[in-house]
Each structure stands twice: as structure tokens, then as C-alpha cells.
Amino acid sequence: MPALPPRRVLPIGIETFAKIREQNCYYVDKTALAWQLTQGAGYYFLSRPRRFGKSLFLDTLKELFEGNRPLFAGLFIDDKWDWGCRYPVVSISFGDGVFASRAELEERIFDILQDNQERLGVTCVRKSIASQFSELIRRTRQKHGQRVVVLIDEYDKPILDNIADDATALAMREALKNFYSVLKASDADIHFVFMSGVSKFSKVSLFSGLNNLNDITLDPRYSTLCGYTEADIDSVFAQELPGLDRAKMRRWFNGYNWLGEAVYNPFDLLLLFDRRKFHPWWFETGTPAFLLKLMAQRGFFTPDLSRLRVGAELLSTFDVGQIIPEALLFQCGFLTIVAAEETLSGNWVYTLGYPNLEVEMSLNASLLGTYVDDLSKTSAQRLRLDDLLTNTGQKACRSI
């Protein structure tokens with residue numbers, strides 16, 4: 001058997017494409033999908049759970065459009081992209097910070113617009129958010145002689161951070177709606193738009209007028225845009241696999257599906273390779289307390305979550321004051337699509353279920369903590385259940 005190549009750096013928490021490529025990190029090549037997306041102009045939207053690599057993919061697009069070819073040496077797109085054509089990129093992210101009011105959000109938007117002006121070498125004089133964003137796009141095209149690429153990461157975070165407070169969340173939504181409305185009006189100066197986030201808000205409520213937004217969330221061609229496939233693990237992370245139970249890896253961390261090939265959560269696998277321990281790494285990074293409280297209020301019977309049938313419209317029914325728990329569970333990654341069928345009337349019905357053991361165990365344990373006030377009792381009940389299951393299994397083995 002040939003020797004494995006030297007191990008590389010695990011890019012835990014790194015969302016910058018240049019750092020990954022320059023610091024000898026493992027990299028799962030997503031540029032074939034980037035190539036597919038960028039063949040012509042387009043306005044794209046993608047919803048994926050947190051920590052699935054959305055920010056890294058947007059940063060990859062930024063480096064690609066800006067023509068930084070050395071970073072793509074040896075990747076799929078290296079000999080296919082027109083490196084002589086460089087596009088100016090307006091880069092927007094709401095991933096950092098928590099905004100408690102519309103005024104704080106608007107102040108942050110002005111800062112983002114100012115940062116882009118400095119990076120792109122333009123000066124805007126308009127005072128309102130919408131007019132300054134429009135001016136930024138127009139002046140950038142005039143200065144650089146190319147239509148503008150607009151990349152928006154965590155487009156929904158200001159709303160989600162306040163989703164338990166309808167009034168504040170609504171104010172955030174209206175501020176963002178005003179901001180995003182510029183994209184439609186600036187179409188003549190725009191080459192490409194990509195927006196990503198966790199939730200999938202109603203187009204009517206947040207993207208009024210942006211009727212050319214192509215939602216690829218459930219497009220099978222892009223199901224592996226974020227996340228690692230089985231083939232990725234074999235080809236990219238072969239050096240990290242010795243000593244790990246591959247079947248256990250699948251049970252614990254694989255299974256996220258958006259009507260195509262299932263994927264692993266990257267955050268889980270990178271920490272597994274680093275710590276050599278099976279643990280709910282992803283779930284512990286921030287399961288929204290609001291979701292657990294909502295499920296407890298609705299009295300969800302958790303065994304039903306393993307085979308939940310819903311219509312296509314339910315998965316996209318999400319807005320301030322209209323939170324459908326099933327849609328939130330799916331969009332946050334706690335449920336995934338396990339089957340899809342077309343009815344006689346031409347509608348689609350999806351069967352949702354837990355993606356893997358990590359989510360099933362952790363979500364049920366968290367809900368138990370919501371139902372029981374005393375956490376020490378919760379822990380004791382879980383340990384007691386584990387003991388009973390272990391003893392029952394041992395007795396069953398002895399009887400055989």
C-alpha cells in the first residue's frame with residue numbers, strides 16, 4: 001500500500017480562502033460548482049445552516065472574480081477561468097456583532113459601505129443607506145469599467161438575532177428590505193449577486209421586487225456546495241482517517257441533504273480529526289434557545305421528528321411573527337430531507353428526519369432540559385436511562 005502524503009493544517013474556524021491556500025491547509029475543492037454558477041450573469045440565493053462553509057464559499061467567489069489566480073493553482077477552475085477579466089466586488093457581511101436596534105444596524109451598514117468605498121477607490125456623497133449603496137455600485141462600475149459583483153453573507157443575521165422580539169425583528173427586516181431593494185434597481189450595473197444565510201425569508205417580505213433571485217437551496221446540482229461528501233473525505237482527508245471508525249463517523253456526522261448527495265458538517269469533522277473524539281461539536285456552538293422554547297410551547301413529540309411529512313410551501317414559510325417550527329428546524333439543520341415525492345396533483349411532499357446521531361441525541365437532551373427546570377435532575381434521568389439501556393442490552397446478549 002502506498003504511503004499517505006504528509007498531513008496538512010486543519011482549517012478549524014478559518015473562513016478566508018487565501019489563508020487556507022497559503023497556510024498549507026486541507027481544502028475541499030468547490031470551484032467546479034463555482035464555475036457552474038458563474039457561467040453568465042445571475043442573482044443567486046442559498047440557505048444553509050451555520051458553520052457549513054457559506055462564508056468560505058463567498059470568499060472563494062470574491063478571490064475568483066478579483067482574478068487572484070495563484071490561489072487557485074491546481075484546482076478545477078484554474079485552466080477554465082478567464083483570468084484577464086477582473087470584476088470589482090462589493091463584499092457585505094452581517095456575521096460580526098449583534099444589533100439590538102435598527103439604528104445600530106444602519107450604523108453598521110454605513111460602515112460596510114464606507115469600507116467598500118475605500119477598498120474600491122470610490123467616494124460616495126449620498127446620505128441615505130439605499131441611495132449610498134446605489135451610488136457605490138454605479139461609481140464602482142464607472143471607475144473599474146466592469147459591472148459589479150455583489151456578495152452578501154449572513155444576510156438574515158440581524159433578524160435572527162432578534163427573532164424572539166417581534167418588534168425589533170420587524171424593524172431589522174424593514175431596514176434590510178430597504179437596503180436589498182437597491183439590487184433590483186441597480187441591475188444595469190451588476191454582473192453577479194450571491195446572497196447566503198441560514199433562514200429563507202419570504203421573498204415578498206424581504207426581497208420585494210427582486211423577482212430575478214434564483215434560489216438554489218434545494219437545487220440538486222448544488223446540494224454539495226457546502227459540506228463534505230464521502231468522496232471528499234477519502235480524497236482530501238485520507239491522512240486523518242487511520243484510527244477512526246468510518247461507520248461511526250457516518251452515524252454521528254453525515255446525513256445533511258438538500259435533494260442531492262448527503263454531506264457531513266465540516267465543523268464536526270475538522271474537530272473530530274483534531275480531537276480524535278466523537279462529540280456534538282456543531283450542536284454545542286449555539287443552538288438557539290428561542291427554538292427550544294418554541295418547541296416546548298408547541299408540545300412537540302420528538303419521536304415524530306424522525307418521520308415528519310411536510311409540503312414544499314412549509315419549508316419556505318418563514319417570517320417575523322410567522323415562525324413555523326418545522327421550517328425553522330429544517331433551516332437550522334436539525335432536520336433534513338430524507339425522502340421526496342411528487343403527488344398526483346403535481347405538488348411535492350418532503351419527509352424530514354434527523355440528519356444524524358449528533359443532532360438526534362443533542363436536540364432531545366436539550367429539549368429535556370427545557371421541560372425540566374432542575375438541570376441536575378435532567379442529567380440524572382439521562383444517566384439512569386443509559387444504565388437501563390446498557391443493562392437491557394447485556395441481558396439480551398446473555399439470553400442469546
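You'll find the structure just up there.
Figured I'd write up the structure that's included with this text. Along every chain, residues carry numbers that run from 1 in the direction the sequence is written. Restriction of local features to residues with pLDDT of at least 70 applies here, the model being predicted, together with a cutoff of 80 or more for giving and counting side-chain atom pairs; totals for whole chains, interfaces and linings are based on all residues. Hydrogens and water are ignored here; the side-chain numbers use all heavy atoms of the structure.

## Focus: the packing of helix 5 (residues 129-144) against helix 7 (residues 166-185)
Stage number 1. Axis lines are fitted to C-alpha atoms, over the contacting stretch for helices. Their N-to-C directions set the angle, which ranges from 0 to 180 degrees. Runs of E in the DSSP output that reach at least two residues are strands. Runs of H or I that reach at least four are helices, and both are numbered from the N terminus. Interaxial distance between helix 5 and helix 7 falls to 9 Å at its minimum, and their mutual angle equals 30°. For helix 5 against helix 7, the interelement crossing comes out right-handed. Packed against helix 5, whose contacting residues are Ile129, Ala130, Phe133, Ser134 and Ile137, the element helix 7 presents Asn178, Phe179, Val182 and Leu183 at the interface.
Stage number 2. Each residue is assigned to one class: nonpolar for Ala, Val, Leu, Ile, Met, Phe, Trp, Tyr, Cys and Pro, charged for Asp, Glu, Lys and Arg, and polar for all the others, Gly among them. When grouped by side-chain class, the residues that make up the contact of helix 5 with helix 7 number 7 nonpolar, 2 polar and no charged. When the near helix sits turned anticlockwise from the far one by under a right angle, the crossing is termed left-handed; a clockwise turn instead gives a right-handed crossing. We call two residues in contact whenever any of their non-hydrogen atoms come within 4.5 Å of each other.

## Observations regarding helix 3 (residues 54-65)
Stage number 1. Spanning 12 residues, helix 3 covers 17 Å between terminal C-alpha atoms, matching the ideal 16 Å at 1.5 Å per step.
Stage number 2. Only protein chains enter the accessibility calculation, which uses a 1.4 Å probe; a residue is then buried when its area is under 20% of its type maximum, exposed when over 50%, and partly exposed in between. Most of helix 3 is tucked away: 12 of the 12 residues are buried.
Stage number 3. All buried positions along helix 3 are accounted for by Lys54, Ser55, Leu56, Phe57, Leu58, Asp59, Thr60, Leu61, Lys62, Glu63, Leu64 and Phe65.
Stage number 4. Looking at the residues trailing helix 3, positive phi occurs at Gly67, about 80°. Expected helix span is computed as 1.5 Å times (number of residues minus one).

## Re the sheet that holds strand 6 (residues 308-311)
Stage number 1. Criterion used throughout: strands pair if DSSP finds at least two bridges between them. Taken in spatial order, the 3 strands make up an open sheet running 6-10-9, and their pairing is antiparallel. Each edge of the open sheet carries a strand with a single partner, namely strand 6 and strand 9 (336-342). The mean angle between the axes of side-by-side strands here comes to 30°, regardless of whether they run parallel or antiparallel.
Stage number 2. The sheet contact formed by strand 6 and strand 10 (residues 348-353) spans 4 bridges and is antiparallel. From the neighbouring strand, Val310 faces strand 10, where its bridge partner is Tyr350.

## Let's talk about the environment of Val359
Stage number 1. You can see Val359 is positioned in helix 15 (residues 357-371).
Stage number 2. Taking the relative accessible area as the measure of exposure, Val359 reaches 0% and is therefore buried.
Stage number 3. With 24 residues separating them in the primary sequence, Val359 and Leu335 have C-alpha atoms 8.3 Å apart.
Stage number 4. Each residue touching Val359, except ones within four places of it in the same chain, is listed here: Tyr256, Trp282, Gly333, Phe334 and Tyr354.

## Things to note about a negative patch on the surface
Stage number 1. Each patch is assembled from residues with relative accessible area greater than 30% and no salt bridge, linking like charges that lie within 9 Å and nonpolar side chains (Val, Leu, Ile, Met, Phe, Trp, Tyr) that lie within 5 Å. For accessible areas, the Shrake-Rupley method is used with a probe of radius 1.4 Å. Any residue's cover is judged against the shown protein chains and nothing else. Here a salt bridge means any side-chain nitrogen of Lys or Arg lying within 4 Å of a carboxyl oxygen belonging to Asp or Glu. His is not counted, nor are the chain ends, whereas Lys and Arg count as positive and Asp and Glu as negative. Where a charge lies is defined by one atom per residue type: Lys uses NZ, Arg uses CZ, Asp uses CG and Glu uses CD. A cluster of acidic residues, Glu104, Glu107, Asp111, Asp115 and Glu118, forms a negative patch at the surface.
Stage number 2. Looking at the secondary structure, you find Asp111 in helix 4 (residues 102-120).

## Let's talk about the pairing of strand 10
Stage number 1. Taken across its 6 residues, strand 10 has 5 buried, putting it largely inside the fold.
Stage number 2. As judged from the 6 bridges shared by strand 9 and strand 10, these two strands associate in the antiparallel manner. The residue bridging Ala340 from the neighbouring strand is Tyr350, located in strand 10.
Stage number 3. In this antiparallel pair of consecutive strands, strand 9 and strand 10, the connection spans 5 residues, and Gly346 shows a positive phi of 90°.

## Brief notes about the nonpolar core
Stage number 1. The biggest cluster of nonpolar side chains holds 127 residues, and the ones touching the most others in it are Phe133, Val150 and Phe194.
Stage number 2. Among the elements that make up this core, the one with the highest residue count is helix 7 (8 residues).
Stage number 3. If we skip the residues at most four places from it in the chain, Phe133 touches Val90, Ile92, Leu113, Val150, Phe179, Val182 and Leu183. Among buried residues, those of type Ala, Val, Leu, Ile, Met, Phe, Trp, Tyr and Cys that are joined through side-chain atoms within 4.5 Å constitute a nonpolar core.

## Focus: the pattern of salt bridges
Stage number 1. One pass over the structure, following the stated rule, counts 20 salt bridges.
Stage number 2. With a shortest N-O distance of 2.7 Å, Glu230 and Arg246 are connected by a salt bridge. Taken together, the residues Glu230 in helix 9 (residues 230-236) and Arg246 in helix 10 (residues 246-253) connect sequence positions 16 residues apart.
Stage number 3. On the basis of relative accessible area, Arg246 is assigned to the buried category, the value being 19%.

## Things to note about the sheet that holds strand 1 (residues 42-47)
Stage number 1. With respect to topology, 5 strands assemble into an open sheet ordered 2-3-4-1-5, the strand pairing being parallel. Each of the sheet's edge strands pairs with one partner strand only, and the pair in question is strand 2 (89-93) and strand 5 (214-215).
Stage number 2. Taken together, the 2 bridges between strand 1 and strand 5 define a ladder with parallel strand orientation. Looking at strand 5, one finds that Tyr44 is bridged to Asn214.
Stage number 3. Together, strand 1, strand 2, strand 3 (148-153) and strand 4 (190-197) form the strand contacts of helix 7, whose direction differs from that of strand 4 by roughly 150°.

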